[in-house]
Structure formats: structure tokens, C-alpha cells
Amino acid sequence: PAETPGALLVAVDGTEVVGLTAFALAPSGAGGTAGVVPAGSIATVDGFDRPTRLAAAYTQAGFDGQVTATEGLLGVTFSVTEEVDEAGMQALFEPLEPIPVDLPEPVVRTAPDGTVLMQLPAGPQELTAAQAAAVLFTRVPNETEYVRLPDQLEHWTSAVEGSHGV
């Protein structure tokens, strides 16, 4: 049987990993399946003497270390890997605009004064590429990836479904 091409997208904000998305690409090259891997997952990471946060691999060994640690956690080998910041993520989404989503939770951010502000409401809407990137990068202090996971899953499901025609 032919191997399914796999890809890993590592979203970084400065020196911090804010998202890991694994893709199993459809044989046609259009569409496939996306899976969100929480960066806070506990994994065996080179350079640490005990299991630690998966994203610690990026701090310890950079992008290549992050890819190796994620492959080890999932038991796969990625044929394509990419590291993106928020601007890079926005560029990836531009061909898919508008991106229809039904966000289960509002996307919120923290203002400099500590006030929590709604960036996007919950519910059905069509996102621009900038808004789509914000879904994946917007965080509030002490928020775990698991709180953000429902919105991320909805977003990636919509993006993958929308990519069939690209």
C-alpha cells in the first residue's frame, strides 16, 4: 500500500510553540485530515530526564527538536514540516477565504490592562485569513491548550474541508 503523506505545522509566537497541527494528506493532494496536538501534551523529549511538556522540545532543540518530539509522541514520520508565525499562518489561509466556521467558544484575548476582550464571538461566521490565524494564536494568561482546543478543531476542520477546491 502507498504511504499517506503526513505534514506537521508548528505555530510559534516568538520562542513559544502555540500550536501543533498534524495533517494526513489525501492521495489527490487536495484536502485530508487534520489533528490538533496540544503543545502541553506530556511527552519524552530529548534533553530532559523525565517526561515534560511537548513544546519544551522547541526551547531545548529548536524546530528540528520539536518535529522529532512530535513524531515520537504520535509514532509517525512527517514528509513535510513547516514553522510559521501568525503572519505566516495568515498567508496560508488567504487562498481559503472566506473560511466558514461555527466556533463553539468565543475567542478572547487579554488587553494590556488585564481586561479580557472578545476577539471573535461563538457561533457560525465566515473568517478572513487574519481572523483565522487569530483563532490559533490568541491566548489569555494561564490558558491551557485544552481550553482553546474546541475552537482550533472547528477551525481546522473547516479549513481542511475548504481546501478541497484549492
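A brief report on the enclosed structure follows. (Residues numbered from 1 in each chain as written. Predicted model: local features only at pLDDT ≥ 70, side-chain atom pairs only at ≥ 80, totals over all residues. Heavy atoms only, no water.)

Another point: the packing of helix 2 (residues 86-93) against helix 3 (residues 129-137). Running from amino to carboxyl end, helix 2 crosses helix 3 at an angle of 130°, the nearest separation of the two axes being 8 Å. Classified by the interaxial angle, the pair formed by helix 2 and helix 3 is oblique. Two packed elements cross with a definite hand, and for helix 2 against helix 3 that hand is right-handed. Together, E86, M89, Q90 and F93 of helix 2 and A129, A130, A132, A133, A134, L136 and F137 of helix 3 make up the contact between the two elements. Taken together, the residues that form the contact of helix 2 with helix 3 break down as 9 nonpolar, 1 polar and 1 charged. (Axes fitted to C-alpha atoms, helices over the stretch in contact; angles between N-to-C directions. Helix = DSSP H or I, 4+ residues; strand = E, 2+ residues; numbered from the N terminus. Parallel < 35°, antiparallel > 145°, perpendicular 65-115°, else oblique. Left-handed = near helix turned anticlockwise from the far one by under 90°. Contact = heavy atoms within 4.5 Å. Nonpolar A, V, L, I, M, F, W, Y, C, P; charged D, E, K, R; others polar.)

The topology assignment puts R50 in the loop between strand 4 (42-43) and strand 5 (52-53). On the accessibility criterion, R50 (59% relative accessible area) is exposed. (Buried < 20%, exposed > 50% of the residue type's maximum accessible area, 1.4 Å probe, protein only.)

The full count for this structure, using the stated rule, is 1 salt bridge. A salt bridge links D49 to R50; the shortest N-O distance between them is 3.2 Å. (Salt bridge = Lys/Arg side-chain N within 4 Å of Asp/Glu carboxyl O.)

So, about the nonpolar core. M89, F93, I99, L127, L136 and W156 are the most contacted members of the largest nonpolar core, which totals 23 residues. Tallying contributions element by element places helix 3 first for this core, with 6 residues. In terms of nonpolar packing, the next biggest core, distinct from the first, is built from 18 residues, A22, A39, V45 and L54 among them. (Core = buried A, V, L, I, M, F, W, Y, C linked by side-chain atoms within 4.5 Å.)

As a further point, take the side chain of S41. Note on placement: S41 falls in the loop between strand 3 (32-37) and strand 4. Owing to a relative accessible area of 11%, S41 belongs among the buried residues under this scheme. Within polar-contact distance, the side chain of S41 engages the backbone oxygen of P38 at 2.7 Å. (Polar contact = N/O pair within 3.5 Å; in protein donor to acceptor, adjacent residues only side chain to side chain.)

This brings us to the environment of A69. Checked against the element boundaries, A69 lands in helix 1 (residues 56-74). For A69, a relative accessible area of 7% translates into the label buried. Filtering out sequence-adjacent residues up to four positions away, A69 remains in contact with V45, L54 and A57.

Any link to function would need more than the numbers given here.
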